[in-house]
Amino acid sequence: MTAQMESPHVVVLGGGLAGVACALGLGDEGVRVTLVDRNDYHQFQPLLYQVATSQLPAEDIARPHRTIFRDYPTVQIRTADVAEIDAGNLTVTLSDGDRITGTHLVVAAGARPEFFGVPGAAEHAFPLYSVVDAERLRRHLQSTLHAGSAAEPEDEGALDVVVVGGGPTGVEIAGALTELMTALVATERIPKPGTITLVDRGSALLAPFSRKSHKYAHKRLTKQGAEPRLGTGVAAVHADRVELDDGSSIRTRTVIWGGGESAASVVGNVAGLTTGRGGRIDVLPDLTVDGLPHVYAVGDVANIPAKDGTILPQLGSVAQQSGAWAAANILRELHGEKAEPFRYKDKGIMAMIGRNAAVAEVGKHRHQVEGPVAFAAWLGVHALLLSGAHSKTDAFLAWGWDYFDRDHAATVEWSATAHRIAWGDDSADIPHIRVDSARPGDGN
Ligand SMILES: Cc1cc2nc3c(=O)[nH]c(=O)nc-3n(C[C@H](O)[C@H](O)[C@H](O)COP(=O)(O)OP(=O)(O)OC[C@H]3O[C@@H](n4cnc5c(N)ncnc54)[C@H](O)[C@@H]3O)c2cc1C
């Protein structure tokens with residue numbers, strides 16, 4: 001290490017895929033790190049819809065930070081909300097007024113749902129961005145389904161769901177819900193399936209994918225019973241209906257919001273940073289902020305330039321790799337070397353539509369695969385991402401195999417409870433997920 005960097009101290013804001021990867025990289029080399037997150041656990045977003053539809057219990061995708069960093073004596077965890085960032089002074093201010101200053105600052109605060117000012121959306125829609133969101137939606141769905149099992153004829157539509165957004169989140173949750181409804185009807189728990197309507201302003205589902213994948217997703221979802229309504233926007237959300245911009249409305253008590261995201265709200269309180277598309281922090285190719293060589297922004301909170309000048313997408317693999325790269329660049333600097341531009345190893349894009357029905361586009365030329373092969377690719381890539389946070393890969397793989405092998409959606413939805421979550425015991429080394437204290441949209 002160089003003389004001026006005798007006692008480096010890296011403050012990492014956010015313990016998601018990006019922040020954890022960064023802290024692990026630095027902790028491996030004995031660098032002092034303070035990781036600040038409002039939650040005492042890391043959450044794995046790609047599996048949120050499995051939690052929302054009771055296919056996985058929440059604690060299987062939420063891993064306590066203290067457990068992840070148990071063998072990292074130089075990594076200190078601070079469970080607190082960051083109210084402000086002073087980038088120029090490498091300082092974060094916590095909501096209780098405490099300040100933490102480092103020699104380096106890594107902003108990895110992720111994103112939050114963006115409701116684009118649609119009236120009623122923040123109040124009535126269910127976003128799917130955090131474990132709290134997924135748990136809240138799971139409980140709502142369970143009570144709706146139980147009520148629906150005894151629904152009176154005049155309560156027609158009680159089980160209907162509107163999913164907003166035809167990207168991977170919307171398509172995946174819509175697919176899982178159609179399967180759930182079908183399984184519940186087959187086992188006579190509900191008289192008939194609720195209608196799952198998927199609304200998107202665009203002309204295709206899974207817009208960032210190829211036309212072949214658009215078609216596949218549309219065909220599969222329709223076959224499973226969902227009703228895509230493309231070229232249509234949501235004008236307003238009410239407790240009992242959704243108004244669409246073509247003048248029509250749909251009766252529903254369940255609106256799931258997969259309609260977009262923007263940078264975590266704390267980025268609005270940052271002195272000295274430039275923000276760009278999605279309110280995200282613009283970074284240089286080496287992931288530092290222009291003019292602030294000791295400030296990094298990584299993962300969903302950052303606009304990270306790709307080699308061709310475009311911005312990399314908000315993906316788990318981008319978050320994990322950029323977090324690890326920021327750590328490597330800080331280590332390079334500490335050893336007197338130059339920071340290197342981020343090189344992203346593209347793992348492809350993929351989405352799961354249902355059991356044995358996924359699409360994946362992989363490799364340099366985005367080779368498209370679909371069906372069970374794509375499902376296997378999806379499982380492999382996500383197991384790898386999960387293992388990066390030292391999470392419960394075995395439970396995930398067991399779920400994946402079970403899902404691949406047989407149809408068990410009805411059983412889990414009817415019986416799932418969150419009994420393994422630490423609701424009150426603050427000393428337990430399990431995630432403390434507090435659902436009741438949050439409103440929809442509070443995730444980040
Ligand atoms: C429903 C869904 C499905 C997805 N599916 C896939 C998929 O299949 N494949 C894929 O590659 N990607 C997927 N993604 C994207 C992927 O999950 C994200 O790109 C990735 O998790 C981003 O990681 P991150 O560390 O940047 O942010 P996050 O994981 O959001 O972590 C940010 C952390 O910062 C903390 N934080 C924020 N603000 C504050 C504050 N003020 N004070 C204290 N702490 C704060 C939060 O609590 C959080 O722990 C999905 C995302 C969603 C929402």
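Residues numbered from 1 in each chain as written. Predicted model: local features only at pLDDT ≥ 70, side-chain atom pairs only at ≥ 80, totals over all residues. Heavy atoms only, no water.

Trainee: Would you explain the overall build of the chain in this entry?
Mentor: Of the regular secondary structure elements, the chain holds 11 helices and 27 strands. Taken across its 444 residues, the chain has 55% of its residues classed as buried. A separation threshold of at least 6 residues defines the contact pool for the chain, and within that pool the share at least 24 residues apart is 65%. (Helix = DSSP H or I, 4+ residues; strand = E, 2+ residues; numbered from the N terminus. Buried < 20%, exposed > 50% of the residue type's maximum accessible area, 1.4 Å probe, protein only. Contact = heavy atoms within 4.5 Å.)

Trainee: Just to check I follow, could you spell out the site of the ligand for this structure?
Mentor: Neighbouring residues of the ligand: 30 residues in total, closest Asp37, Val82, Asp300, Gly316 and His382. Within the backbone of Arg38, a nitrogen or oxygen atom sits 3.1 Å from a nitrogen atom of the ligand. Between the ligand and the protein, one listed contact pairs an oxygen atom with a backbone N or O atom of Ala109 at 3.5 Å. Protein contact buries 94% of the 1,000 Å² of open area that the ligand shows by itself. Mapped onto the shell around the ligand, the elements with two or more residues apiece are α1 (17-28) and α8 (316-334). A per-element tally of the shell around the ligand places α8 first, with three residues. A breakdown of the residues in the shell around the ligand according to their chemical character gives 13 nonpolar, 13 polar and four charged. Each of domain 1 (3-38 + 80-113 + 262-334) and domain 2 (121-259 + 355-415) accounts for three or more of the residues forming the shell around the ligand. (Near = heavy atom within 4 Å. Polar contact = N/O pair within 3.5 Å; in protein donor to acceptor, adjacent residues only side chain to side chain. Areas by Shrake-Rupley, 256 points an atom, 1.4 Å probe, with all protein chains shown as cover. Nonpolar A, V, L, I, M, F, W, Y, C, P; charged D, E, K, R; others polar. Domains from an automatic or database assignment.)

Trainee: Mind showing me how you'd approach α1 here?
Mentor: In an α-helix, one turn spans 3.6 residues; hence positions three or four apart end up facing the same way. Spanning 12 residues, α1 covers 16 Å between terminal C-alpha atoms, matching the ideal 16 Å at 1.5 Å per step. Within α1, 10 of the 12 residues are buried, which leaves the element mostly enclosed by the surrounding structure. When we look at burial in α1, the residues that qualify are Leu17, Ala18, Gly19, Val20, Ala21, Cys22, Ala23, Leu24, Leu26 and Gly27. Where α1 ends, the next residue or the one after it, Gly30, has phi of about 75 degrees, a positive value. (Expected span 1.5 Å × (residues − 1).)

Trainee: Quick question: what am I supposed to make of the sheet that holds strand β17 (residues 249-251) here?
Mentor: To summarise the sheet geometry, strands pair through backbone hydrogen bonds and adopt either a parallel or an antiparallel arrangement. Spatial ordering of the open sheet is given by β15-β16-β17, a layout of three strands whose pairing is antiparallel. Here the strands that pair on one side only, and so sit at the sheet edges, are β15 (234-237) and β17. Neighbour-to-neighbour, the strand axes of this sheet turn through a mean angle of 20 degrees, independent of strand direction. The sheet contact formed by β15 and strand β16 (residues 241-244) spans three bridges and is antiparallel. Looking at β16, one finds that Val234 is bridged to Leu244. (Pairing = 2+ DSSP bridges. Axes fitted to C-alpha atoms, helices over the stretch in contact; angles between N-to-C directions.)

Trainee: What should I look at first to understand unusual backbone geometry in this one?
Mentor: Leave glycine aside and you will find that most residues have negative phi; peptide bonds, for their part, are mostly trans. Phi is positive for Phe116, close to 50 degrees, though the residue is something other than glycine. For Phe116, the position within the fold is in the loop between β10 (111-113) and α4 (121-124). Looking at Phe116, the relative accessible area reads 57%, which means it is exposed. Within the chain, Leu287 stands out as a residue other than glycine whose phi angle is a positive 80 degrees. Its relative accessible area of 0% is what places Leu287 among the buried residues.

Trainee: How should I be thinking about the environment of Ala271 in this particular structure?
Mentor: For Ala271, the position within the fold is in strand β20 (residues 270-271). A relative accessible area of 40% means that Ala271 is categorised as partly exposed. Counting along the chain gives 185 residues from Ala271 to Asp86, while the straight-line C-alpha distance between them is 5.2 Å. Setting aside residues no more than four positions away along its own chain, Ala271 makes contact with Ile85, Asp86, Ala87 and Gly88.

Trainee: Teacher, can you tell me more about the confidence of the model for the chain here?
Mentor: Low pLDDT means the predicted atomic positions in that stretch should not be read closely. Here the chain averages 87 in pLDDT, and 87% of its residues register 70 or above. This model gives residues 409-424 a pLDDT under 50, and the stretch forms 48 contacts once residues within four places in sequence are excluded. Here residues 437-443 scores under 50 on pLDDT; set against residues more than four positions off or in separate chains, the count is 16 contacts. (pLDDT = per-residue confidence, 0-100.)

Trainee: Explanation requested: the pairing of strand β27 (residues 367-370) in the structure shown.
Mentor: Every other side chain in a regular strand lies on the same face of the sheet, so the side chains alternate between the two faces. As defined by bridge partners, strand β26 (residues 357-362) adjoins β27 across four bridges and the pair is classed as antiparallel. Residue Val359 lies in a different strand from β27, and its bridge partner there is Glu370. Between β26 and β27, which pair antiparallel and follow one another directly, the connecting turn spans four residues, one of which, Gly363, has a positive phi of 80 degrees.

Trainee: Where do I start with the packing of aromatic side chains in this structure?
Mentor: Each aromatic ring pair is characterised by the separation of its centres together with the angle its planes make. This model, assessed by the stated rule, comprises five aromatic pairs. Judged by centre distance (5.4 Å) and plane angle (50 degrees), the ring pair of Phe115 and Trp257 falls under tilted. Note that Phe115 is positioned in the loop between β10 and α4 and Trp257 in strand β18 (residues 254-257), a separation of 142 residues in sequence. For Trp257, a relative accessible area of 6% translates into the label buried. Through successive ring pairs, a cluster of aromatic residues spans Trp325, Phe342 and Tyr344. Against the face of Trp325 rests Arg332, its NZ or CZ located 5.4 Å from the ring centre. (Phe/Tyr/Trp six-rings, centres within 6.5 Å; stacked < 30°, edge-to-face > 60°. Lys NZ or Arg CZ within 6 Å of the ring centre and 35° of its normal.)

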